[in-house]
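Read off the chains here:
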Amino acid sequence: MKKLYYFIVLLTGAFVIQSCNTPPSASPEAIAAFESVIPKPVSATHTGNAFLITDKTTVIADPSAMEVGNYLVNLLRPATGFNLPLSESKDEASSGAIVLSIIDNKSLGDEGYELAVTTEQVTISANKPAGLFYGVQTLRQILPAAIEQSAVQTATWEIATGTITDHPEYTWRGSMLDVARHFFSVADVKRYIDLISLYKMNVLHLHLSDDQGWRIEIKSWPNLATHGGSTQVGGGAGGYYTQEQYAGIVAYAQARFITIVPEIDMPGHINSALASYGELNGGITIVPAEGRIDLSPKTSVIDGKSKPTQLYTGTEVGFSTLQLKKEATFKFVDDVIRELSALTPGPYIHIGGDEASVTKKEEYIVFINRFNEIVKSHGKRMIGWDEIAQGTIDSTVTVQLWHSEEFGQLAVEKGSRLVMSPAKKVYLDMQYDSATRLGLHWAAYIEVADSYNWDPATLIDGVAKENIVGIEAPLWSETIVTMDDIEYMIFPRLPGIAEIGWTTTANRSWEEYKVRLAKHAPRWKVMGIDYYPSTQVPWAK
Ligand code: TNX
């Protein structure tokens with residue numbers, strides 16, 4: 001009997017020792033997640049075992065990476081329910097830890113990172129906190145989808161071992177949200193920021209004014225927000241951000257390494273300002289009853305110059321213009337840009353400049369040139385839609401290509417660089433197909449494959465990679481009313497557009513990408529993200 005007892009003790013002991021020594025092997029799910037990161041990393045090699053996040057796991061961060069460390073623990077704590085104490089790295093043992101480490105490795109650049117997972121430890125290393133942040137986004141994607149739950153889950157928090165080395169192809173990887181046609185709350189904009197940061201985007205362009213609404217408080221011209229912001233497409237209540245609220249959005253974005261690029265669209269798309277201050281009114285014209293974009297000159301002025309216009313809640317474009325003959329208008333522009341610049345830590349101010357169909361061409365060019373001077377005088381760099389290529393622009397100006405190859409080429413000839421937003425590929429307000437409940441289709445129907453399958457550097461003759469700063473996907477909101485609408489139009493196209501900005505064309509293929517994309521749907525479900533279930537994507541049943 002005693003012998004049997006000793007035998008059992010020995011056996012159990014051996015088993016315990018054995019299971020301590022044999023590292024857990026990675027499950028097929030963990031390996032699939034490791035292989036499904038979006039945007040696709042420069043290289044990713046898994047080694048078959050797993051690291052487990054447990055109630056013993058700690059997070060250790062370089063002193064300059066404590067903010068990213070905080071972001072990481074806040075991401076991991078809700079679903080795991082673990083303490084995950086965060087400490088500054090000293091020389092303590094780091095076995096069982098997730099380590100965020102600032103290193104010096106030129107090949108990673110300002111935004112690259114290396115993620116090394118062993119059975120003992122997870123290490124994210126980068127030259128800059130931005131790189132660590134992107135490494136954290138990758139780490140998030142290689143954990144089980146349940147990590148995105150907001151309440152404690154019983155799950156094995158397993159990460160496949162291996163190494164991911166990664167850095168982006170383009171420096172501008174953005175999206176634009178039109179908060180003018182329909183207004184979106186601060187909470188919605190913050191969620192938008194969170195959604196784009198999942199896929200390592202680093203620019204959020206906010207379209208803050210249009211014919212239908214003015215969405216940012218300007219203290220020197222208060223009616224812009226209070227009157228110009230008081231409605232929206234369809235006649236709803238509209239709204240605007242106070243400067244304090246706006247600063248909150250900027251700070252929220254900054255903590256996610258996202259630069260806010262604010263846009264005040266001028267000299268067209270300006271009715272909300274003309275309704276607020278009559279002296280700015282250079283005339284508005286009868287808009288066509290049908291047809292979305294009519295760039296032909298319109299002649300019949302229906303609203304007297306220098307008188308306030310009516311607020312506008314329709315969806316036509318290209319019918320309003322600032323009064324460019326009066327000096328007062330430039331005082332207005334200067335005041336707006338001054339206040340906006342003070343709220344903008346980023347280098348860019350977007351001046352719109354699109355579809356100024358009722359502005360005389362000579363006046364338009366003079367205006368763009370003066371605008372550039374005003375933007376510069378407030379220490380910022382001008383960006384505008386591709387029509388601004390007609391102005392006297394140079395390498396200090398950035399041009400956002402949306403519809404005209406000719407203006408894109410002209411911009412490049414003048415030494416400017418382009419942000420690529422070709423409407424036929426990346427306009428997120430375009431319908432997926434003719435059955436899509438939301439959206440427009442003047443540029444194209446854009447299925448998921450269409451928005452993925454193209455290369456910014458070969459799209460336009462005479463526009464090469466060195467002429468391009470990056471890519472941006474705009475979401476115009478004529479038909480977009482709720483956060484749910486937003487999600488349905490940006491998912492699942494936005495992750496693919498983010499990948500165009502991050503991953504080299506040589507490393508991308510639709511056939512391979514669509515399989516990775518399908519693997520993200522369970523995460524979106526957990527996060528409550530509504531998405532279009534395109535039949536092009538092999539979603540799991
Ligand atoms: C064109 S893109 C516009 C916007 C509209 C959009 C709708 C651009 C510079 N102008 O004013 O909202 O089409 O898709």
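Residues numbered from 1 in each chain as written. Predicted model: local features only at pLDDT ≥ 70, side-chain atom pairs only at ≥ 80, totals over all residues. Heavy atoms only, no water.

## Things to note about the overall build of the protein chain
Link 1 in the chain: Summing up its helical and strand segments, the protein chain has 17 helices and 20 strands in all.
Link 2 in the chain: Here the C-alpha atoms of the protein chain give a radius of gyration of 26 Å, agreeing with the 24 Å that 2.2 N^0.38 yields for 541 residues.
Link 3 in the chain: For the protein chain, the spread of C-alpha atoms along the three principal axes comes to 105 × 45 × 45 Å.
Link 4 in the chain: Here the protein chain contributes 45 positive and 62 negative side-chain charges, whose respective centroids are spaced 3 Å apart. (Helix = DSSP H or I, 4+ residues; strand = E, 2+ residues; numbered from the N terminus. Rg over C-alpha atoms; globule rule 2.2 N^0.38 Å. Lys, Arg positive; Asp, Glu negative; His and termini not counted. Charge placed at Lys NZ, Arg CZ, Asp CG, Glu CD.)

## Regarding the site of the ligand
Link 1 in the chain: Neighbouring residues of the ligand: 16 residues in total, closest Arg181, Tyr427, Asp429, Trp442 and Glu478.
Link 2 in the chain: Between the ligand and the protein, one listed contact pairs an oxygen atom with a side-chain N or O atom of arginine 181 at 2.7 Å.
Link 3 in the chain: Contact between the ligand and aspartate 429: an oxygen atom at 2.6 Å from a side-chain N or O atom of the residue.
Link 4 in the chain: When the ligand is considered free in solution it has 360 Å² of accessible area, and contact with the protein chains removes 100% of it.
Link 5 in the chain: Split by residue class, the shell around the ligand holds 9 nonpolar, 1 polar and 6 charged. (Near = heavy atom within 4 Å. Polar contact = N/O pair within 3.5 Å; in protein donor to acceptor, adjacent residues only side chain to side chain. Areas by Shrake-Rupley, 256 points an atom, 1.4 Å probe, with all protein chains shown as cover. Nonpolar A, V, L, I, M, F, W, Y, C, P; charged D, E, K, R; others polar.)

## A look at the sheet that holds strand S4 (residues 97-102)
Two strands in a sheet stick together by hydrogen bonds in their backbones, pointing the same way (parallel) or opposite ways (antiparallel).
Link 1 in the chain: If you trace the 7 strands from one edge of the open sheet to the other, you get S1-S7-S5-S6-S4-S2-S3, paired in mixed fashion. With one partner strand each, in any of the chains shown, strand S1 (43-53) and strand S3 (86-88) form the two edges of the open sheet. Taken pair by pair, the neighbouring strands of this sheet meet at an average axis angle of 20 degrees, ignoring direction.
Link 2 in the chain: Sheet topology places strand S2 (residues 58-61) next to S4; 4 bridges connect them, and they run parallel. Looking at the pairing, threonine 58 lines up with alanine 97 of S4.
Link 3 in the chain: Lying over the sheet, helix H3 (residues 66-80) contacts S1, S2, S3, S4 and strand S7 (157-166), oriented at roughly 160 degrees with respect to S3.
Link 4 in the chain: Contacts between helix H4 (residues 129-142) and the sheet are confined to S4, strand S5 (113-117), strand S6 (122-126) and S7, with S6 contributing the most and set at about 145 degrees to the helix. (Pairing = 2+ DSSP bridges. Axes fitted to C-alpha atoms, helices over the stretch in contact; angles between N-to-C directions. Contact = heavy atoms within 4.5 Å.)

## Considering the sheet that holds strand S19 (residues 417-420)
Link 1 in the chain: On the basis of which strands lie adjacent, the closed barrel formed by 8 strands has the order S8-S9-S12-S16-S17-S18-S19-S20 and parallel pairing. On average, each strand axis in the sheet is inclined to that of its neighbour by 30 degrees, with strand direction left out of account.
Link 2 in the chain: Looking at chain direction, strand S9 (residues 203-207) and strand S12 (residues 259-266) are connected through 5 bridges and run parallel. Looking at S12, one finds that histidine 207 is bridged to glutamate 263.
Link 3 in the chain: Along the sheet face, helix H5 (residues 186-197) touches strand S8 (172-178), S9, S12 and strand S20 (468-475) and points at about 145 degrees away from the line of S9.

## A look at the domain arrangement of the protein chain
Link 1 in the chain: Domain assignment breaks the protein chain into domain 1 (23-166) and domain 2 (172-266 + 327-502).
Link 2 in the chain: The straight-line distance from the C-alpha centre of domain 1 to that of domain 2 is 33 Å.
Link 3 in the chain: In this complex, domain 1 contributes 18 residues to the contact, which on the side of domain 2 involves 14 residues.
Link 4 in the chain: Carbon and sulfur atoms supply 61% of the area that domain 1 and domain 2 bury against each other, a total of about 1,400 Å² over both sides.
Link 5 in the chain: Across the domain 1-domain 2 interface, the total number found is 1 salt bridge.
Link 6 in the chain: Counting residues per element, the ones that place at least two in the side of domain 1 that touches domain 2 are H3 and H4.
Link 7 in the chain: The dominant element in the side of domain 1 that touches domain 2, judged by the number of residues it contributes, is H4, at 8 residues.
Link 8 in the chain: Taken together, the residues that form the side of domain 1 that touches domain 2 break down as 10 nonpolar, 3 polar and 5 charged. (Domains from an automatic or database assignment. Buried area = accessible area lost by both parts, 1.4 Å probe. Salt bridge = Lys/Arg side-chain N within 4 Å of Asp/Glu carboxyl O.)

## Some details on the nonpolar core
One broad rule of soluble globular proteins: the nonpolar side chains tend to lie buried together.
Link 1 in the chain: Leu204, Leu206, Trp214 and Phe332 are the most contacted members of the largest nonpolar core, which totals 108 residues.
Link 2 in the chain: Residues contacting phenylalanine 332, with those up to four places away along its chain left out, are Trp214, Trp221, Leu224, Met266, Ala273, Leu280 and Leu322.
Link 3 in the chain: In this structure, Phe34, Ala79, Val122 and Ile142 belong to the second largest nonpolar core, which totals 42 residues. (Core = buried A, V, L, I, M, F, W, Y, C linked by side-chain atoms within 4.5 Å. Buried < 20%, exposed > 50% of the residue type's maximum accessible area, 1.4 Å probe, protein only.)

## As for unusual backbone geometry
Link 1 in the chain: Residue proline 39 is reached from isoleucine 38 by a cis peptide bond, and omega for that bond is -5 degrees.
Link 2 in the chain: For proline 39, the position within the fold is in the loop between helix H2 (28-34) and S1.
Link 3 in the chain: That bond from methionine 266 to proline 267 is cis: its omega, -5 degrees, falls within 30 degrees of zero.
Link 4 in the chain: The residue histidine 269 is not glycine, and still its phi comes out positive at about 50 degrees.

## Remarks on the packing of aromatic side chains
Link 1 in the chain: This model, assessed by the stated rule, comprises 27 aromatic pairs.
Link 2 in the chain: Seen from their ring centres, phenylalanine 183 and tyrosine 241 are 4.8 Å apart, and the 40 degrees between their planes marks the pair as tilted. Residue phenylalanine 183 is found in the loop between S8 and H5, and its partner tyrosine 241 is found in the loop between helix H6 (223-226) and helix H7 (243-254); the two are separated by 58 residues along the sequence.
Link 3 in the chain: The exposure class of phenylalanine 183 is buried, given its relative accessible area of 18%.
Link 4 in the chain: Three or more aromatic residues joined by ring pairs make a cluster, and in this case those are Tyr71, Phe133, Tyr134, Phe257 and Trp502.
Link 5 in the chain: Sitting over the ring of phenylalanine 330, arginine 370 keeps its end group 3.8 Å from the ring centre. (Phe/Tyr/Trp six-rings, centres within 6.5 Å; stacked < 30°, edge-to-face > 60°. Lys NZ or Arg CZ within 6 Å of the ring centre and 35° of its normal.)

## Some remarks on the environment of proline 39
Link 1 in the chain: By relative accessible area, proline 39 is classed as buried at 0%.
Link 2 in the chain: Considered as a pair, proline 39 and threonine 138 are 99 residues apart in the sequence and their alpha carbons are 9.0 Å apart.
Link 3 in the chain: Not counting residues up to four positions away in its chain, the partners in contact with proline 39 are Tyr199, Lys200, Ala498, Glu499, Trp502, Thr503 and Arg516.

## A few points about the packing of helix H15 (residues 493-502) against helix H16 (residues 510-518)
Link 1 in the chain: Closest axis-to-axis distance for the H15/H16 pair is 11 Å, and the angle between their directions is 130 degrees. Classified by the angle their axes make, H15 and H16 are oblique. The chirality of how H15 crosses H16 is right-handed. Residues Pro495, Gly496 and Glu499 of H15 form the contact with H16, whose participating residues are Tyr513, Arg516 and Leu517.
Link 2 in the chain: Per-class residue counts for the contact of H15 with H16 are 3 nonpolar, 1 polar and 2 charged. (Parallel < 35°, antiparallel > 145°, perpendicular 65-115°, else oblique. Left-handed = near helix turned anticlockwise from the far one by under 90°.)

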